[in-house]
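Chain residues, written in single-letter form:
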Amino acid sequence: MTADDPCVGCASCVTACPVAAADGGFGGPKALGPAFCRGLDGGWPGNPGLGPAEAAALGAGACIQCHRCDLACPMGLPVSDFTRRAKALLLSRPGAPYARYVARLLAEQEALGRFIATMRLPRRLAHRLAPGLARGAERLGLQAFGLSPRRSLPSPPARTFEVPSSDGLAGSRDRPTVLLYAGCHVRFYDPAVGHAAAGVLRAAGYRVKVPAQVCCGSPALSEGREDLAVEAARANLRLLDQAVARLSESQGVEPAIVSPCPSCTLALRRQFPDLVAGPAAAHLASLVWDLGEFLSGPARPRLVEAVQRAREVVPPDPLGGRGKGQARPASGTDSASGPVLWTHHASCHLRALGSGRPLAELLKALGVGLPVDGGPAVDGCCGMGGLAGLKAAEHDRSLAVGSPVLRAYEALGQDVLVLSECPMCRWQISDATGLWSLHPVEVLAGLLGAPSA
Amino acid sequence: MSGATTERSALDYDVVVVGAGLAGLVAAASAAESGLRVGIVARSSGSLGLWSGLVSGRIPPTEAGARAVRFFMGYSAAAGLPMAEVPGTLRLVSATGRPVTSALTPRTAAADLAPGSKVLVVGFSELADYPAALIAETASRLAGLDCHYRSLSLGSAAGRGLAPRIARLFDDEEWFDGFLTSARRFLAADASSASTVLLPPVTGLDHFGRNVARLEDSLGTAVRELPALPPSVPGHRFSRLWRHRLESTGRVSVHIGRTVTGSRVENDRCRWVSDGLVRYEATSFVLATGGVAGGGIVVGPDAFFGLSRSVGDHAGLVTKPVEPVLGLETRGEGAAWLTWGVRTDYDGHPYRAGEGGGARRLENVYVAGWEAGVSGATGPQAASTLLDAYRAGSLAARDACLARERWET
Ligand SMILES: Cc1cc2nc3c(=O)[nH]c(=O)nc-3n(C[C@@H](O)[C@H](O)[C@H](O)COP(=O)(O)OP(=O)(O)OC[C@H]3O[C@@H](n4cnc5c(N)ncnc54)[C@H](O)[C@@H]3O)c2cc1C
Ligand code: SF4
Ligand code: SF4
C-alpha cells in the first residue's frame, strides 16, 4: 500500500465477486485488478510485465463488469476498471479472432438492434405461419453469431419505440419536457417498457421527448472494447447536447435525462466522464437520472396524486396492461384472484448507482400488491452479466453464477412476479425459472391505466 | 458549510447513517427499531471484509451493555446469523493459532477451548492462504491445546481455492453430501478422540449453520469454524445478511457506492450531508465512517511516518474524508493510527475544530465505531463498536422521535 497504490490486499473484493464464487478457474478481482495492473505498469523489478497470456491464464474473460468488487473495496478503489483492462488485453491475443468477432457483435448493439428491427415484420409473419420453423431458423441464426441457441428470444414487437412527436414539443417551467434515454433494449426489443415510462412521466405532469440517441456503449465496455465505447459516448454526447440546448432555450430550464435502464444510466453518469475528457460529459452526467430516482424524487408528489385519482376511476390493473395475449402463469396473478405477489430484483448496475430501490419502495408506499421476500440469496447476481450470458460459450457459466439467486426465486413459486429494472436480469430470471418478470414502471403504468403500447 | 451546491434532489429521512461497516449497520438497525425512516449512505461495505467475525473486547456488565447485546443477538439471529454468548468470555484460537478471547461469536465459531483440550485442526488442501499446520502448531504452543492436524482435499471443483468459491461449494447440497462422505472416511478416527474439530471459516455463505450441524452429526464431535483472515467469509455473511434484513423491513434505504463530500451545518446542527448528486436530509445523523482502514480518517503526510499523501485518494476517484467536511476535531496519539478518531462528548456528539476552542458540538450528530477513536494501541474492537453504535442509533432515533412529536403538536 502506498499513496499511488492504495490497495491493502484485503481481498474484500474477492469475497464479493459472484464469478469468483462460481468459477474455480477465475482469478478474481484482486489478482486481475490491482495486482495485475501493478504488473502492467512497468512491472516489478525483474518482471517483464504482464500481457494477454497471463490475463488468459487468470481467466480474465469471465469478468462480467458487475461492479460488486468496487462496492466492497474498503479503500474505495475502482477495482472493476482494473479488471476491465485485464479483460481487454485478451482481445489482442493473436489466437482470438472468434472471441473478437463475438465481442464486436455484442459491442455493436446499435447495428445489431437495427438489423433485428428490420427483420421484425418477416419474423412476425414467420412466427404466425410456421412457429416451429421460425424458432428453428432463429436458433440457427443465433448459433452462427456465437450466441446460445438455448436462449429464448424476445418476440418481435409490432413497432420499434417512438413517442408521438406532438409530445416532444418544448414544455414550460410548469410542465417541463423530460428527455427519455430509452436504451437499446427498449428501442429494439421491448418498447412496452418505454411506453410505460413515458405514460407514467406524463401522468406526473411532464412532457416526454425521446431524443436521437445511439447505444450507450456499456456492452462495448463490458466486452473490453473501450474504443467503441468512446465512440458511443462521443456520439451520444453530441446528440444529447443538442436536445438539451434546444429544450433549455425554449423552456427556460435544463431538461432531465431519464433512463429506465440502470446500465445506461451508469454509462451516461459515470462512464462518459471517464471516457471523454472535458466539461461537456460531466455536465451531461449531472442531468442524468435513473427513472426510479426521478419518479420517487422530483416527480413523486404529482405521481402519487395521479395514482390516487386513477384508482377512483379505474380499478387498478397491477399487471400493467401487459401480458394481454401473452403467455402468463396459469394461476394467481390475476388481479381478480387476490393481490399480486411480487418481489424486486436489484440488478448489479442498479446497486452500483447507489440509489437503493426507489421503485420498489414507491410501489410499497402505494400499497400495490403483496411484496414477498426472496431471502438474502436474491441479493446476489443473476449471472446474466449484461450480454455475456447470451454467448453460447458463456451460457452455462452464467447459470452457475446466478444459481443461488435463480434457485431462490424458483422456491418462491410460479405465482410471484419478479420486478427488475434491468432487461437482462428479467431475461435471465424468466428464462431460468419460468417466473414472469416486468419492469416496475410497467406496474405503475398499469395502476394509472396508462396505455402500454 | 461546504461542498458545492450542485445537488439536484434531496432525500428525506428521520435518521441518516453515514457508513455501512459494523458500526453503520448496527446503528441503522437500532435507529430503525423505533419505526423511523433510515437512510444508509456509504462509499463501500467498509472493513467488514477484513473482520475476523469475532466480537473481541469486553461488554461492560451494565444494563446498557446487556441491552445492546440482547438487541444485537436478536437482530443477527433474525437476519440468519445467530451469535453465541457465553458467560465470561470464550477461549478461542485466532486465525493464526494464537489464544484470543471473545465476548460474542457467530454460533458456528463458538468454542471454549480450555488448555489441554484435544483439538483436531482441519485444513483444506485447495484453500489458499490457510496455514492449518501452522495454526495447530501455534495453538499447541501458545494456547496449551493438544492439537492434531489433518488436511482434506476438496476435489477439483475448488479451482484456485479462493474462499468465496469454497463457501459456495459448501452451499451446494449435492457437493456437500460428497464432502460429508469423505470427511467421515478421513476424519472420523481422529475426530472421535478430539473434543473439538476446527474447520476453516468457509462452510457456506447461506447454509453454514446447517452444514456445521450435519458435520457434527456425522463426526460425532463438536465442529466449529476458526476466525477468518481476509478474505473473510464471516464478515461477508454479516454484511449481506444484515443488509438484507435492514432493507426487508421496508424502513431502511441502502445507498452504498455514494461518498459523502459535503454538508450543511447551521446553529450547531447538521441539516444535510451530500454526495454531490443528492442531499440526504435528516433530523439526526450517525457518523460511522470508520478509522484509517475504512477511509473515514485521512492520514496527512506528516502524521503517518511521512509516507502517504492520503489514504483515500486514488486514480480518478475523489474521496474526501468526512472530518474536513463537517469540520470536526480529531484526536489521536502520534503514530498509533489505530487510536485515531474524532473527539466526542459523553453522548457521542463530536466537537468541531477551531470554533470556541473546540467547545461547540454538533448536537444532532452521533459518532460510532472506529470513527469514535479508542484508547490504547489495539485498534477498535467489535465489542465497543457495537455498544456505541447501538447507543448512537438509539439516541439519533430518540431525537428524531421527539422532533416528530414537536412537529405533530
Ligand atoms: C483487519 C481487521 C481485523 C479486525 N479483526 C477484528 C477482530 O478480530 N475482532 C474485533 O472485535 N474486531 C476486529 N476488527 C474491527 C471491527 O470490529 C470493525 O472493523 C471496527 O469496529 C470498525 O468498524 P466501523 O464500522 O467503525 O468502520 P468500517 O468498517 O471501516 O466502516 C466505515 C464505513 O464508512 C464508509 N465511509 C468512509 N468514509 C466515507 C465517506 N466520506 N462517505 C461515505 N461513506 C464513507 C466506508 O465506506 C464504510 O462503509 C478488525 C478490523 C480490521 C480492519
Ligand atoms: S466486476 Fe464483478 S465479475 Fe468482474 S471482478 Fe469485479 S466483482 Fe468480479
Ligand atoms: S478490496 Fe480493495 S484494497 Fe482490498 S484487495 Fe481488493 S482492491 Fe485491494
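Residues numbered from 1 in each chain as written. Chains lettered and ligands numbered in written order. Predicted model: local features only at pLDDT ≥ 70, side-chain atom pairs only at ≥ 80, totals over all residues. Heavy atoms only, no water.

J.: Mind showing me how you'd approach the interface of chain B and chain A here?
T.: A common way to state how big an interface is: give the accessible area lost once the parts meet. Every contact between the two is made by 45 residues of chain B and, on the other side, 55 residues of chain A. Taken as a group, B:Arg8, B:Arg160 and B:Arg168 account for 17% of the area that chain B buries against chain A, more than any other trio of residues on that side. Linking chain B with chain A are 3 salt bridges, by the criterion used here. Residue B:Arg258 is joined to A:Glu293 by a salt bridge in which the shortest nitrogen-to-oxygen separation is 3.1 Å. For the pair chain B and chain A, the interface holds 16 residue pairs in polar contact (both at pLDDT 80 or more). Taken together, the elements giving at least two residues each to the side of chain B that touches chain A come down to helix H4 (163–171), helix H7 (233–248) and strand E10 (252–256) of chain B. A total of 7 residues in the side of chain B that touches chain A trace back to one element, the largest contributor, which is H7(B). The residue makeup of the side of chain B that touches chain A, split by class, is 16 nonpolar, 17 polar and 12 charged. (Contact = heavy atoms within 4.5 Å. Buried area = accessible area lost by both parts, 1.4 Å probe. Salt bridge = Lys/Arg side-chain N within 4 Å of Asp/Glu carboxyl O. Polar contact = N/O pair within 3.5 Å; in protein donor to acceptor, adjacent residues only side chain to side chain. Helix = DSSP H or I, 4+ residues; strand = E, 2+ residues; numbered from the N terminus. Nonpolar A, V, L, I, M, F, W, Y, C, P; charged D, E, K, R; others polar.)

J.: Is there a simple way to think about the site of ligand 2 in this case?
T.: Residues and elements named next belong to chain A. Neighbouring ligand 2 are the residues Cys17, Pro18, Val19, Pro29, Cys63, Ile64, Gln65, Cys66, His67, Cys69, Ser80 and Thr83. If you list the elements that add at least two residues to the shell around ligand 2, you get helix H2 (18–22) and helix H6 (79–90). A per-class count over the shell around ligand 2 returns 8 nonpolar, 4 polar and no charged. (Near = heavy atom within 4 Å.)

J.: Before we go on, may I ask you to explain the nonpolar core in this structure?
T.: Generally speaking, nonpolar side chains in soluble globular proteins are found buried as a group. All names here are of chain B. Formed by 55 residues in total, the largest nonpolar core has its most connected members in Val15, Ile40, Val55, Phe72, Phe238, Trp242 and Val286. Listed by contribution, the elements that provide at least two residues to this core are strand E2 (15–18), helix H1 (22–32), strand E3 (38–42), helix H2 (63–79), strand E5 (99–106), H7, E10 and helix H9 (382–408). A per-element tally of this core places H9 first, with 11 residues. Taken domain by domain, this core gets at least three of its residues from each of domain 1 (9–75 + 235–299 + 317–408) and domain 2 (88–228). Once residues lying within four places of it in the same chain are set aside, the contact partners of Val286 are Val15, Val16, Val17, Val18, Ala27, Tyr366, Ala368, Ala392, Gly393 and Ala396. (Core = buried A, V, L, I, M, F, W, Y, C linked by side-chain atoms within 4.5 Å. Buried < 20%, exposed > 50% of the residue type's maximum accessible area, 1.4 Å probe, protein only. Domains from an automatic or database assignment.)

J.: When you look at the state of the cysteines in this model, what are you seeing that I'm missing?
T.: The bond known as a disulfide is covalent and runs between the sulfur atoms of two cysteines. Taken as a whole and assessed by the stated rule, the structure comprises 0 disulfides over all chains. Residue A:Cys184 stays outside any disulfide, its sulfur separated by 3.8 Å from that of A:Cys215, the closest cysteine. (Disulfide = S-S within 2.5 Å.)

J.: What should I look at first to understand the packing of helix H20 (residues 358–365) of chain A against helix H23 (residues 440–448) of chain A in this one?
T.: Residues and elements named next belong to chain A. For the pair H20 and H23, interaxial distance at closest approach is 10 Å and the crossing angle is 30 degrees. The pairing of H20 with H23 is recorded here as roughly parallel in orientation. With respect to the hand of their crossing, H20 and H23 are arranged in left-handed fashion. Here H20 contributes Leu359, Leu362 and Leu363 to the contact with H23, which in turn contributes Pro440, Val441, Val443 and Leu444. Tallied by class, residues from the contact of H20 with H23 come to 7 nonpolar, no polar and no charged. (Axes fitted to C-alpha atoms, helices over the stretch in contact; angles between N-to-C directions. Parallel < 35°, antiparallel > 145°, perpendicular 65-115°, else oblique. Left-handed = near helix turned anticlockwise from the far one by under 90°.)

J.: Before we go on, may I ask you to explain the pairing of strand E7 (residues 146–152) of chain B in this structure?
T.: The two faces of a sheet get side chains in turn, since along a regular strand they alternate between them. All names here are of chain B. Pairing of strand E6 (residues 118–124) with E7 involves 7 bridges; the strand directions are parallel. Each residue of the ladder has a partner; that of Leu120, found in E7, is His148. Following the backbone out of E6, through helix H3 (residues 132–142) and into the adjacent parallel E7, one traces a crossover that is right-handed. (Pairing = 2+ DSSP bridges. Right-handed = clockwise from strand over helix to strand, strands pointing away.)

Keep in mind these numbers describe shape, not what the thing actually does.
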